[in-house]
Amino acid sequence: MITGRAVLAGVAGWPVAHSRSPRLHNHWIERHGLDAAYVPLPIPPERFAEAVRALAACGFRGMNVTIPHKEAAFAVCDRVTARAHRAGAVNTLVFADGAISGDCTDGLGFLASLGGFDPRAGPAVLLGAGGAARAIAAALLDAGCPRVTLVNRTRARAGALAAALGGAVAVADAPPLADAALLVNTTSLGMAGQPPLDLDLAALPPHALVADIVYVPRETPLLHAAAARGLATVGGLGMLLHQAVPGFAAWFGVTPEVDAEVEALLAADIPATWPAR
Ligand code: ATR
């Protein structure tokens, strides 16, 4: 039950109907007995800045931002965190004291989803060079990863990303798997409706962790192949759950738990295996 005092937040996307964030946040709201609501906000790109300012004026505490608004969200902010600056994108907005503040929690969410994995353990190989790759590469480097190698279909895009990140970032045509501690797919390959990612994992060392940010299906062909080789794997659902925590805490004043219950809640309608039906 929400009252006249309810705290409001939401998720902006275009389209936004597929977003699982309302289900997640409203579950946490219910769990913590909060007088609050989290709603989907379908906002067309050309009206994004206007809509954000209007929501702030309506008393919203803030919002999540998803495709295609993450760069526009960066631009609308009065201030952004250092990690949002490094990611070049914002996925979490907080409205307070008449200002719009932006954060990017995607990289943090990815790292949290890896459980006990220490990015200092060794080099990482990232497949892809889009927005997700940028946030994840920045988070890995900031957490002490000794080297990140970017492998992308469009090599020039990987080069531009490496230059923007600076530091221990390399670009390669073939993934240097032999000394990799972590392999991450940030492309859409392996997602339901897309071709699978075709990569021979034989050269990965036995201690390597294989992660995929795709979460539909929960076990992509890449993760299936890695598991078949006896490697540890992490799917994309954990990143989705963990990236939501800082926003919830900022708007509603409670830090929510990512546990088996919320994971099951979100996994319920996602196909487990590929090809997804
Ligand atoms: P996001 O912000 O989610 O990272 P994006 O910016 O559209 O999304 O990036 C998608 C990534 O998937 C890119 O690295 C893209 O490669 P290109 O830079 O060459 O476009 C990669 N990708 C998408 N479809 C692909 C395909 N069929 N084969 C190889 N890479 C693909």
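Refer to the structure printed above.
Residues numbered from 1 in each chain as written. Predicted model: local features only at pLDDT ≥ 70, side-chain atom pairs only at ≥ 80, totals over all residues. Heavy atoms only, no water.

Regarding the overall build of the protein chain
Right, on to step 1. The secondary structure content of the protein chain amounts to 11 helices and 12 strands.
Right, on to step 2. The C-alpha atoms of the protein chain give a radius of gyration of 19 Å, which matches the 19 Å a tight globule of 277 residues would have.
Right, on to step 3. For the C-alpha atoms alone, the extent of the protein chain along its principal axes is close to 60 × 40 × 30 Å.
Right, on to step 4. Evaluated residue by residue, the protein chain yields a buried proportion of 48% over its 277 residues.
Right, on to step 5. Contacts in the protein chain between residues far apart in sequence, at least 24 positions, make up 66% of those at least 6 positions apart.
Right, on to step 6. A total of about 12400 Å² of accessible surface is found on the protein chain, and carbon and sulfur atoms cover 57% of it.
Right, on to step 7. Across the protein chain, the centroid of the 20 positively charged side chains sits 3 Å from that of the 22 negatively charged ones. (Helix = DSSP H or I, 4+ residues; strand = E, 2+ residues; numbered from the N terminus. Rg over C-alpha atoms; globule rule 2.2 N^0.38 Å. Buried < 20%, exposed > 50% of the residue type's maximum accessible area, 1.4 Å probe, protein only. Contact = heavy atoms within 4.5 Å. Areas by Shrake-Rupley, 256 points an atom, 1.4 Å probe, with all protein chains shown as cover. Lys, Arg positive; Asp, Glu negative; His and termini not counted. Charge placed at Lys NZ, Arg CZ, Asp CG, Glu CD.)

Here we look at unusual backbone geometry
Right, on to step 1. With an omega dihedral of 5°, the bond running from Ile67 to Pro68 counts as a cis peptide bond.
Right, on to step 2. Residue position: Pro68 is located in the loop between β3 (62-65) and α3 (70-76).
Right, on to step 3. A cis amide bond links Val216 with the next residue in sequence, Pro217, at an omega value of 5°.
Right, on to step 4. Note that Pro217 resides in the loop between β11 (209-212) and α8 (221-228).

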